[in-house]
Amino acid sequence: MLARIAMILCVWSAGLGIAQAQESESDSMIFAPSRYLLLDRGLQFRITKSINSMYNFDFPTAERDFAVLALQYPNHPLPEFLVALGYWWRIEVDVSNKKYDETFVKYLDRAIAKAEVMYEADETNKEAAFFLAAGYGFQSRLYSERKSWTKAAWAGRNALKYMDLSRGEEEFNPELLLGDALFNYFSEWIPENYPLLKPVMALFPKGNKELGLQQLEQVANNAFYTRVEAQYFLFRLYASEEKEPFKALQISEYLHGKFPNNPYFHRSYARHLYTVGRWTESVVQSKEILDRIDSKMPGYESNSGRYAAFYLAQFNDRVGNRAEAKKYYLKTLSFGEESESQESGYYLHALLQLGKIATEEKNKPLAKEYFKKVKKYAKRKHPAHQEAREFIKKNKL
């Protein structure tokens, strides 16, 4: 819950990302001069391949290009910010893994320091305010994930402060709109889902979820720097909050097609195929995820494996292939324990199914062990905990 509040505090930054360009041939031939490097169309065209490499988890290629950019613009925050963004996506694959935190914060600090120099020299510099909002906001996003609430709130307040200062430049509007979109959505979503927080949210401007979604769609279609991040938020919201699984699938399918080696987009695509009942396609993607984990492809790890193994287990369970289902439920447990995700729904459901399979196989001691783990890791009000209690009682385990 506190993570949601932190997102409101740093809502602009939670959306800032660098997206691939959608240049037409005519656009690539004409570059209008700009006061700001961020809005330089020539630069956007030149760095498109590098940014695509970053989103596709080819970090060595991206970072070599960003290093060249740093040599060309040694006093500008953009190169350090791009490197930081690459580390954020390494974190995003498994937010429980803290091994990239220090490096991520280091590059953000460098970007912030350079932006502060620019801002101190000219307080009307919208680009400087833009990067200060982005840097502090991403720090707030990380600190909220780490439950460092004081740091998250401080960085979030700075992000909002500089977000306001960066307004007023018409060319920045598509990028800044992402923050407005997220704010509109979550400032209405929070009091709807957490009534006790209504007094807190009354201190913020009134939101509008429908408008927020419309704004996210606008950013996803029109922005350069925030397009992919808008698409990321859209498919998550459509999948979990808006109950629009086919819209979520459409976006995740596009992102996986555009960035086929991005493990987050890959597992999201497999998940949305599974959700809408396109089982055989989900099986294909899930097997590919497991193969990539085995081959140690960058970013493919236990968290993605837990998703993929569960979808394969469910498919085999449904078609009556009990041996394969059991194998993949056990893989789900193994990946869940490796990523310390024992409280996740997939892990708990895998335990339930293995307990039922053990019961059918007349192995009551093993069944008891599985259901005991469900009760250990699930809260009492969790559906898995309730199902385990009822099954134990019904089957006299």
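Trainee: Honestly, the layout of surface pockets in this entry has me stumped. Any pointers?
Mentor: The method is simple in principle: a probe with the dimensions of a water molecule rolls over the atoms, and the space it marks as empty is what remains. Roughly 320 Å³ of internal volume is contained in the second largest pocket. Lining the second largest pocket are 17 residues, and of these Asn97, Lys99, Tyr100, Gly299 and Glu301 lie nearest its centre. By residue class, the composition of the lining of the second largest pocket is seven nonpolar, five polar and five charged.

Trainee: When you look at the side chain of glutamate 80 in this model, what are you seeing that I'm missing?
Mentor: Here glutamate 80 is to be found in helix α5 (residues 78-93). Note on glutamate 80: relative accessible area 12%, which makes it buried. Residues in contact with glutamate 80, not counting those within four places in the same chain, are Tyr107, Arg110, Ala111 and Lys114.

Trainee: I tried to follow the nonpolar core on my own but got confused; where do I start?
Mentor: The nonpolar side chains of a soluble globular protein tend to be buried with one another. Trp89, Phe104 and Leu216 are the most contacted members of the largest nonpolar core, which totals 76 residues. If we skip the residues at most four places from it in the chain, leucine 216 touches Leu178, Ala181, Leu182, Ala230, Phe233, Leu234 and Leu237. Residues Tyr300, Tyr307, Ala308 and Leu352 belong to the second largest nonpolar core, which totals 38 residues.

Trainee: How do you make sense of the packing of helix α17 (residues 322-338) against helix α18 (residues 345-360) when you look at a structure like this?
Mentor: Relative orientation and spacing of two packed helices are given, respectively, by the angle between their axes and the distance between those axes. One can describe the packing of α17 onto α18 by two numbers: an axis separation of 9 Å at closest approach and a directional angle of 140 degrees. Relative to α18, the element α17 lies oblique. Crossing geometry of α17 relative to α18 is assigned as left-handed. Contact with α17, carried on its side by Arg322, Lys326, Tyr329, Leu330, Thr332, Leu333, Gly336 and Glu337, involves Tyr346, Tyr347, Ala350, Leu351, Gln353, Leu354, Ile357 and Glu360 of α18 and no other residues of that element. Grouping the constituent residues of the contact of α17 with α18 by class yields nine nonpolar, three polar and four charged.

About the thresholds
- Residues numbered from 1 in each chain as written.
- Predicted model: local features only at pLDDT ≥ 70, side-chain atom pairs only at ≥ 80, totals over all residues.
- Heavy atoms only, no water.
- 1 Å grid on protein atoms, 1.4 Å probe; cavity = no way out; pocket = protein on both sides within 12 Å on 5 of 7 lines; lining within 4 Å.
- Points joined across faces, edges and corners; volume = space filled by probe spheres on them.
- Nonpolar A, V, L, I, M, F, W, Y, C, P; charged D, E, K, R; others polar.
- Helix = DSSP H or I, 4+ residues; strand = E, 2+ residues; numbered from the N terminus.
- Buried < 20%, exposed > 50% of the residue type's maximum accessible area, 1.4 Å probe, protein only.
- Contact = heavy atoms within 4.5 Å.
- Core = buried A, V, L, I, M, F, W, Y, C linked by side-chain atoms within 4.5 Å.
- Axes fitted to C-alpha atoms, helices over the stretch in contact; angles between N-to-C directions.
- Parallel < 35°, antiparallel > 145°, perpendicular 65-115°, else oblique.
- Left-handed = near helix turned anticlockwise from the far one by under 90°.

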